[in-house]
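Here are the chains, one letter per residue:
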Amino acid sequence: MKLVYTHENRFLVGNAQNILEQAGIRVVWKNEFSSGAIGEISPFDTWPELWVVEDTDYEQAIDILSNAFNTPSAPEWQCAQCNEQNAAVFETCWNCQTEKVGLAQ
Ligand SMILES: [Zn+2]
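What comes next is a walk through the structure. This structure is a prediction, so every number in the text was calculated from the model and none was measured.

1. As for the packing of aromatic side chains
Argument step 1. Summed over the entire model, instances satisfying the criterion amount to 1 aromatic pair.
Argument step 2. Ring centres of Phe 11 and Phe 90 lie 5.2 Å apart, and the angle between their planes is 70°; on these two criteria the pair is classed as edge-to-face. Within this pair, whereas Phe 11 is found in helix 1 (residues 10-22), its partner Phe 90 is found in the segment after strand 5 (85-86), the two being separated by 79 residues in sequence.
Argument step 3. If you follow Lys 2 out to its NZ or CZ, it ends over the ring of Tyr 58, 5.0 Å from the centre.
Argument step 4. Note that Lys 30 overlies the ring of Trp 51, its terminal NZ or CZ placed 3.8 Å from the centroid.

Put into structure tokens, the structure is as follows:
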């Protein structure tokens with residue numbers, strides 16, 4: 001297995017998992033339940049991690065994620081409800097689940 005993605009934000013890791021599984025790549029979580037209590041700062045090594053099961057899928061997985069998360073034409077957007085920054089791939093705010101669409105008023 002190879003580590004393909006990790007982030008302190010579990011929602012981002014879950015999103016990466018969805019993207020890869022839709023592409024037919026098997027992935028598993030590590031450190032899924034190791035986050036500290038709310039308000040604690042988790043050290044880097046307890047971030048949730050996403051691993052590809054088959055090493056041969058690794059290169060493709062990296063390509064897919066780099067395309068999904070680093071698309072120049074899809075900038076981050078700011079939630080009008082809580083002002084959090086959200087990656088363009090998300091249709092709802094990772095923090096408060098406010099929908100991206102309909103925010104402009
Ligand atoms: Zn929000």
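2. Some details on the nonpolar core
Soluble globular proteins tend to pack their nonpolar side chains together in the buried interior.
Argument step 1. Counting 18 residues, the largest nonpolar core has Val 4, Tyr 5, Leu 20, Ile 25 and Leu 50 as the members making the most contacts within it.
Argument step 2. Of all the elements in the fold, those that place two or more residues in this core are strand 1 (2-6), helix 1, strand 2 (27-30), strand 3 (49-52) and helix 2 (58-69).
Argument step 3. Per-element accounting of this core gives the leading share, 5 residues, to helix 1.
Argument step 4. With residues up to four places along the chain from it excluded, the contact list for Val 4 reads Leu 20, Leu 50, Trp 51, Val 52, Tyr 58, Ala 61, Ile 62 and Leu 65.

3. Considerations on the pattern of salt bridges
Opposite charge on two side chains permits them to pair, given that their charged atoms come into close proximity.
Argument step 1. Across all of its chains, the model carries 1 salt bridge by this definition.
Argument step 2. Here Arg 26 and Glu 54 are joined by a salt bridge, their closest N and O atoms 3.0 Å apart. Within this pair, whereas Arg 26 is found in the loop between helix 1 and strand 2, its partner Glu 54 is found in the loop between strand 3 and helix 2, the two being separated by 28 residues in sequence.

4. Description of helix 2
Argument step 1. For helix 2, with 12 residues, the first-to-last C-alpha span of 16 Å sits near the 16 Å given by 1.5 Å per residue.
Argument step 2. Every buried residue of helix 2 is accounted for by Ala 61, Ile 64, Leu 65 and Ala 68. Down the axis of helix 2, the buried set is contained in an arc of 95°. They therefore lie on one face. Structural note: helix 2 exposes Glu 59 and Asn 67 on the side pointing more than 90 degrees away from its buried face.
Argument step 3. Buried residues along helix 2 sit in contact with strand 1, helix 1 and strand 3.

5. A closer look at the coordination of the zinc ion
Argument step 1. Distances from the zinc ion to its protein donors, namely Cys 79 (SG), Cys 82 (SG), Cys 93 (SG) and Cys 96 (SG), fall within the range 2.3 Å.
Argument step 2. Taken together, the 4 donor atoms surrounding the zinc ion define angles of 104 to 116° at the centre, an arrangement classified as tetrahedral.
Argument step 3. Each donor residue of the zinc ion belongs to the same chain, with the gaps between them written as C-x2-C-x10-C-x2-C. With Cys 79 in the loop between strand 4 (77-78) and strand 5 and Cys 93 in the segment after strand 5, this residue pair connects regions lying 14 residues apart in the sequence. Of the two residues, Cys 79 and Cys 93, neither departs from the other in class, the shared state being buried.

Rules of the game
Residues numbered from 1 in each chain as written. Predicted model: local features only at pLDDT ≥ 70, side-chain atom pairs only at ≥ 80, totals over all residues. Heavy atoms only, no water. Phe/Tyr/Trp six-rings, centres within 6.5 Å; stacked < 30°, edge-to-face > 60°. Helix = DSSP H or I, 4+ residues; strand = E, 2+ residues; numbered from the N terminus. Lys NZ or Arg CZ within 6 Å of the ring centre and 35° of its normal. Core = buried A, V, L, I, M, F, W, Y, C linked by side-chain atoms within 4.5 Å. Buried < 20%, exposed > 50% of the residue type's maximum accessible area, 1.4 Å probe, protein only. Contact = heavy atoms within 4.5 Å. Salt bridge = Lys/Arg side-chain N within 4 Å of Asp/Glu carboxyl O. Expected span 1.5 Å × (residues − 1). Arc of directions from axis to C-beta. Donors = N, O, S within 2.8 Å, 3.2 Å for Na, K, Ca; no water. Tetrahedral: all angles 85-135°; square planar, octahedral: opposite > 155°, others 65-115°.

Just distances and angles here, no functional claims.
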